[in-house]
Amino acid sequence: MFATYLIGLREGLEATLVVSILVAFLVKSQRRDRLPQVWAGVGLAVALSVLFGWLIEYTSTSLLARSEDRELFEAITSVAAVVFVTWMIFWMRRAARTIAGELRGKLTDALAVGSLAVAGMAFLAVVREGLETALIFYSAAQGAVGDSGPLLALIGGVVTAVVLGVLLYASAVRINLSTFFTWTGALLILVAAGILKYGVHDFQEAGVLPGLNDLAFDITGVLDPTTWYAHLLAGMFNVTPAPTVLETIAWVAYAVPVLLLFLRPARRKPAPAATPTVTERGADTGTEAEAEAEAASTSPRA
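Structure report, in brief.

Criteria and cut-off values
Residues numbered from 1 in each chain as written. Predicted model: local features only at pLDDT ≥ 70, side-chain atom pairs only at ≥ 80, totals over all residues. Heavy atoms only, no water. Helix = DSSP H or I, 4+ residues; strand = E, 2+ residues; numbered from the N terminus. Expected span 1.5 Å × (residues − 1). Buried < 20%, exposed > 50% of the residue type's maximum accessible area, 1.4 Å probe, protein only. Phe/Tyr/Trp six-rings, centres within 6.5 Å; stacked < 30°, edge-to-face > 60°. Lys NZ or Arg CZ within 6 Å of the ring centre and 35° of its normal.

### Points about helix α1 (residues 2-28)
No. 1: When the terminal C-alpha atoms of α1 are compared, their 38 Å separation across 27 residues agrees well with the 39 Å that a helix rising 1.5 Å per residue should span.
No. 2: When you tally the buried positions in α1, you get 24 out of 27 residues, the bulk of the element.
No. 3: Looking at the residues trailing α1, positive phi occurs at Gln30, about 60 degrees.

### Brief notes about unusual backbone geometry
No. 1: Even without glycine at this site, Gln30 takes up a positive phi of about 60 degrees.
No. 2: Here Gln30 shows up in the loop between α1 and α2 (35-63).
No. 3: For Gln30, a relative accessible area of 65% corresponds to the exposed category.

### Structural notes on the packing of aromatic side chains
No. 1: Summed over the entire model, instances satisfying the criterion amount to 5 aromatic pairs.
No. 2: On the basis of an interplanar angle of 20 degrees and a centroid distance of 5.9 Å, the ring pair of Trp87 and Trp91 is categorised as stacked. Of this pair, Trp87 and Trp91 both sit in helix α3 (residues 67-95), 4 residues apart, which is roughly one turn of the helix.
No. 3: Given the relative accessible area of 17%, Trp91 is considered buried.
No. 4: With a centroid separation of 5.2 Å and 80 degrees between ring planes, the pair formed by Phe180 and Phe181 is classed as edge-to-face. The same class applies to Phe180 as to Phe181, namely buried.
No. 5: Above the ring of Trp91, the side-chain terminus of Arg128 is found at 4.4 Å from the ring centroid.

Printed below as a string of structure tokens:
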């Protein structure tokens, strides 16, 4: 359940920060009349994400009759989820410093077009996070059929993210978003490694990959699958006491290099040496200070 809570928290906070940037820009620009369109776009994005999650679950449980087809479907969704997780954490690390400015620019263009454009822009800004959450949640919660715990944990993570986003917007709390996204990103990489391991196991059960009975090791004598801590490790990172050789290879081959790349310090490009004139400095200082202050209060730092 920790894995699905982490997914809800991370994805929910990203979406909440995006909405906060849009709302703050409209309020500051004296365009509160466009707030209903923003909320309409956000609501539509949430509804589509829920529908997408239901469609995935319905396809797996109702449309696919053969167990081999279900295993293959779950394997494919697991690989897709790993791709989305990996892309998401590296994209956020790279784009976090500029996302606020990009969103404000897109919203400015949408305001010039009309209310539908504003709603569409808000929809597109949030729906990506929602669709990712639905896909990743389905892949992370596989094997918990009939258990409402993962869904409740996901909802708890989203609610926590919304509360944090509201407090950040109201300046009632300050957190180091760079540290937050670094730690949650590293944990999500381990979650993704577990999802990939689960996907490989599904491919083996579907007969696409060999070696279903070739175990890399068996430590059931040490890590009893019936104990609470075994369930915790399996639920968080899909760590099992008797994995196959291919599962183990997939877990290590993904987790180790991706973690090293993600935790490697980012190279900073040297600032241009151009020196503005006195007139330019006087005209630009206030605007730049305002932009930096707003970005610091509303956008994540990677």
